[in-house]
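# Examination of the molecular architecture
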Amino acid sequence: MKRPILIHPDPRLKKVCVPVPDLSDDLRVLADDMLETMYGAPGIGLAAPQIGILQRLIVLDCVKEDDDEPRPLVMFNPEIISSSGETNVYEEGCLSIPDQYAEVTRPKVVEVEWMDRDGKAQRETFDGLWATCVQHEIDHLNGKLFIDHLKPLKRQMITRKMQKLKRERARA
């Protein structure tokens, strides 16, 4: 894994990230590092605050089949500009909340605008798993975790498990 992933609870995961003013080579290297970290975890999405960087940058690749071509996306300043009234329930997990999963309801289809790694404006409509993933990652940029969509008791239970995991890792 290229960069260490923060584990909940960590105050940096609850902060709203600042927009990326313009692209630099350092930011492109960061995006490449994030993709390598995401694939190595393994995961299908990663947001900059998960590695302690409070900037609006996410990476994702929801291609799951081994024989399908990977489709890594790098999104600087992603913004959901529209979402469907129809919803989808998906069992979500998070690299910052290892081995914990819960069903989250989100819009089934979202349209997103972002700046790609070349600084070009992009716009795409995402459906299904891609829509869930991009919403999950954009939530990170706004200081929100998937467990924030859950009932308080379930959220507290998962948080306690993460605190225990962090204590065990600190002792190791």
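Summarised in this report is the structure supplied together with it. (Residues numbered from 1 in each chain as written. Predicted model: local features only at pLDDT ≥ 70, side-chain atom pairs only at ≥ 80, totals over all residues. Heavy atoms only, no water.)

## Some points on the pattern of salt bridges
A complete count under the given rule lists 13 salt bridges for this structure. Arg12 is the partner of Asp10 in a salt bridge, and the nearest nitrogen-oxygen pair spans 2.9 Å. Take Asp10: its relative accessible area is 11%, and that puts it in the buried class. A relative accessible area of 35% places Arg12 in the partly exposed class. Between Arg106 and Glu92 there is a salt bridge, and its shortest N-O distance comes to 2.6 Å. Of this pair, Arg106 sits in strand S5 (residues 97-107) while Glu92 is found in strand S4 (residues 87-94), placing the two residues 14 residues apart along the sequence. For the pair Arg106 and Glu92, a shared accessibility class is recorded, and that class is buried. (Salt bridge = Lys/Arg side-chain N within 4 Å of Asp/Glu carboxyl O. Buried < 20%, exposed > 50% of the residue type's maximum accessible area, 1.4 Å probe, protein only. Helix = DSSP H or I, 4+ residues; strand = E, 2+ residues; numbered from the N terminus.)

## Side note on the side chain of Thr132
Looking at where Thr132 falls in the secondary structure, it is placed in helix H2 (residues 128-141). Residues contacting Thr132, with those up to four places away along its chain left out, are Tyr90, Glu92 and Arg106. (Contact = heavy atoms within 4.5 Å.)

## Re unusual backbone geometry
Geometrically, the link from His8 to Pro9 is a cis peptide bond, its omega value of -5 degrees lying close to zero. Within the element layout of this structure, Pro9 appears in the segment before helix H1 (25-40). The backbone of Asn77 shows a phi angle near 55 degrees, a positive value even though the residue is not glycine. On the secondary structure map, Asn77 appears in strand S3 (residues 73-83).

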